[in-house]
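So the chains spell out like this:
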Amino acid sequence: MFSKIIDKSVWYGPEEEKKKDWIYNLDNEDISEIENSTEKFLSSNKKLINLSKEDFNLINLEEKYLSKIDDELKNGRGFALIRGMPVNKWKREKIITAYMGLCSFFGNFRVQNKKGHLLGHIKDLGKDTKKDFTARVYETTYRQTFHSDRSDIVSLLCLNKAKKGGESLLVSSMTIFNKILENHPEYLPTLFEPFPLDRRGEEGGNQKGYSMTPVYYEKNGKISSYFLRQYLESSTRFEGVTISEKQREALDIVDKYANDEKLYMRMMFEPGDIQVIYNHTLFHDRMSYEDHEDISKKRHLLRLWISAYEDRELSEKYIDRWGSIKIGQRGGVFAEDLNINIPLEAN
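As the structure is a prediction and not an experimental result, all values here were calculated from the model.

(A) Up close: the pairing of strand β2 (residues 79-83). The element β2 is largely enclosed, with a buried count of four among its five residues. Pairing of β2 with strand β13 (residues 274-278), which is carried by four bridges, proceeds in the antiparallel orientation. Pairing of A80 across the sheet is with V276, part of β13.

Here it is in structure tokens:
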């Protein structure tokens, strides 16, 4: 029923850590091209929430880096790091505009929470996900767990790094698939069936407080993945929602391989780094961290959820979680009467 995946989406973290071909360094010419389009947009009367690819004329960067990165995301290992955005020289509005303008090449932006944020701030706000089911792990200093976001692509821009810790972890979910196929094939059919997944208070309209979503699925011969263990477990807070013993065993196996040091890779951000990853073929995580006491130095990342252009088709099983599976218009958080906005600070 299942076959081993043998394309470039299968990789091993320790090997990738030794390579440098996934790092793309911006030079002065690249930054000037970004800055020119940024200043042009800022001098227009357009609202930032309406920014699109057509607003940024990045012809040289498209040819030099961006087209290659886009292909690497969808048809390769699924991640890249763009290094050198001058975050310490520009004001916040200019940084955000430049960041969104650069990433608009990859697709359309999606809302990330019920507050209507089109741009997310990854920063410790002192919340506790163990006591507050509406809190998000990115609002804490806790270690996250390996997971996927509700978008084709997720991007992070580092403004400040932590005093200690906070490394980004990436693991190929396709490598995990192969490991399960080799060693625990009896659990694959279970992982292809829908699991209950907590919406954490971000349901809209007539949606239940949880969705039914598989960990792996196949469409047109391509295997894709979606994993969020913490939300899978918390879904049982709803009446009548259970996770079977075999489902939990299957999740344990996925977790075991995701946390295998032979499979995952570490990536430490520096200010000005932009990480771009593809949610369909890998899981990501973040180590816990110790932050600076100085508020101006606290760890702070900006995040974009992106619905990619010309991307793979998704299974109908994901409509319940993603709202839509239409290419370029899928993913993100949907609720009635959302006030879509772009906050300059974390809130």
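(B) Geometry of the sheet that holds strand β14 (residues 282-286). In spatial order, the strands read β12-β7-β14; together these three strands make up an open sheet with antiparallel pairing. Either end of the sheet is taken by a strand with one partner, and the two such strands are β12 (265-267) and β14. Neighbour-to-neighbour, the strand axes of this sheet turn through a mean angle of 25°, independent of strand direction. Two strands pair when backbone bridges link them, and strand β7 (residues 168-172) and β12 are joined in this way by three bridges, in the antiparallel orientation. Opposite S168, over in β12, you have M267 as the bridge partner. Against the sheet, helix α5 (residues 173-183) engages β7 and β14, with an angle of about 45° to β7.

(C) Main features of the nonpolar core. Core analysis: the largest hydrophobic core is formed by 43 residues, its most contacted members being M100, L102, F106 and L157. Of all the secondary structure elements, the ones that give two or more residues to this core are α2 (28-42), α3 (59-75), β2, α4 (92-103), β5 (153-160), β13 and β16 (300-308). Per-element tally for this core: the top contributor is α4, with seven residues. Among all residues touching M100, those that are not within four sequence positions of it are L48, L51, F109, L118, L304 and I342. In this structure, I180, F192, I253 and M287 belong to the second largest nonpolar core, which totals 36 residues.

(D) Highlighting α3. Taking 1.5 Å per residue, 17 residues should reach 24 Å; α3 reaches 22 Å between its end C-alpha atoms and fits that length. Taken as a whole, α3 carries its principal kink of about 45° at Y65. Among the residues of α3, those classed as buried are L61, Y65, L66, I69, D70, E72, L73 and K74.

(E) Here's a closer look at α2. Taking 1.5 Å of rise per residue, 15 residues should cover 21 Å, and α2 covers 21 Å from first to last C-alpha, within 8% of that figure. When we look at burial in α2, the residues that qualify are D30, I31, E33, I34, S37, T38 and F41. All buried residues of α2 project into a common sector of 160° when viewed along the axis, lining one side. In α2, the exposed positions angled more than 90 degrees off the buried face are occupied by N28, E29, N36 and K40. Sitting at the head of α2, D27 places a side-chain oxygen 3.1 Å from the backbone nitrogen of E29.

(F) Representation of the pattern of salt bridges. Summed over all chains, the structure comprises 25 salt bridges. A salt bridge links E16 to R77; the shortest N-O distance between them is 2.7 Å. With a gap of 61 residues between them, E16 in helix α1 (residues 13-18) and R77 in the loop between α3 and β2 connect regions that are remote in the sequence. The same class applies to E16 as to R77, namely buried. Of the charged contacts in the structure, one is a salt bridge between K46 and D55, with a shortest N-O distance of 2.5 Å. Accessibility expressed as a relative area gives 14% for D55, which makes it buried. Salt bridges here are not isolated pairs; linked through shared partners, they connect E16, K19, D21, E72 and R77.

(G) Broad picture of the layout of surface pockets. Roughly 310 Å³ of internal volume is contained in the largest pocket. Considering the residues around the largest pocket, the lining is formed by 20 residues, among which I5, D7, G221, K222 and I223 are closest to the centre. Mapped by element, the contributors of at least two residues to the lining of the largest pocket are α3, α5 and β11 (222-225).

(H) Structural context of the packing of α2 against α4. α4 packs onto α2 with a crossing angle of 115° between their chain directions and a minimal axis gap of 9 Å. Relative to α4, α2 is oriented roughly perpendicular. Of the two elements, α2 crosses α4, and the hand of that crossing is right-handed. Residues I34, E35, T38, E39, F41 and L42 of α2 form the contact with α4, whose participating residues are E93, K94, T97, A98 and L102. Considered class by class, the residues forming the contact of α2 with α4 number five nonpolar, two polar and four charged.

Conventions and cut-offs
Residues numbered from 1 in each chain as written. Predicted model: local features only at pLDDT ≥ 70, side-chain atom pairs only at ≥ 80, totals over all residues. Heavy atoms only, no water. Buried < 20%, exposed > 50% of the residue type's maximum accessible area, 1.4 Å probe, protein only. Helix = DSSP H or I, 4+ residues; strand = E, 2+ residues; numbered from the N terminus. Pairing = 2+ DSSP bridges. Axes fitted to C-alpha atoms, helices over the stretch in contact; angles between N-to-C directions. Contact = heavy atoms within 4.5 Å. Core = buried A, V, L, I, M, F, W, Y, C linked by side-chain atoms within 4.5 Å. Expected span 1.5 Å × (residues − 1). Bend = angle between axes of the 7 residues up to and from the residue. Arc of directions from axis to C-beta. Polar contact = N/O pair within 3.5 Å; in protein donor to acceptor, adjacent residues only side chain to side chain. Salt bridge = Lys/Arg side-chain N within 4 Å of Asp/Glu carboxyl O. 1 Å grid on protein atoms, 1.4 Å probe; cavity = no way out; pocket = protein on both sides within 12 Å on 5 of 7 lines; lining within 4 Å. Points joined across faces, edges and corners; volume = space filled by probe spheres on them. Parallel < 35°, antiparallel > 145°, perpendicular 65-115°, else oblique. Left-handed = near helix turned anticlockwise from the far one by under 90°. Nonpolar A, V, L, I, M, F, W, Y, C, P; charged D, E, K, R; others polar.

Such coordinate-based values are descriptive only and should not be taken to indicate function.
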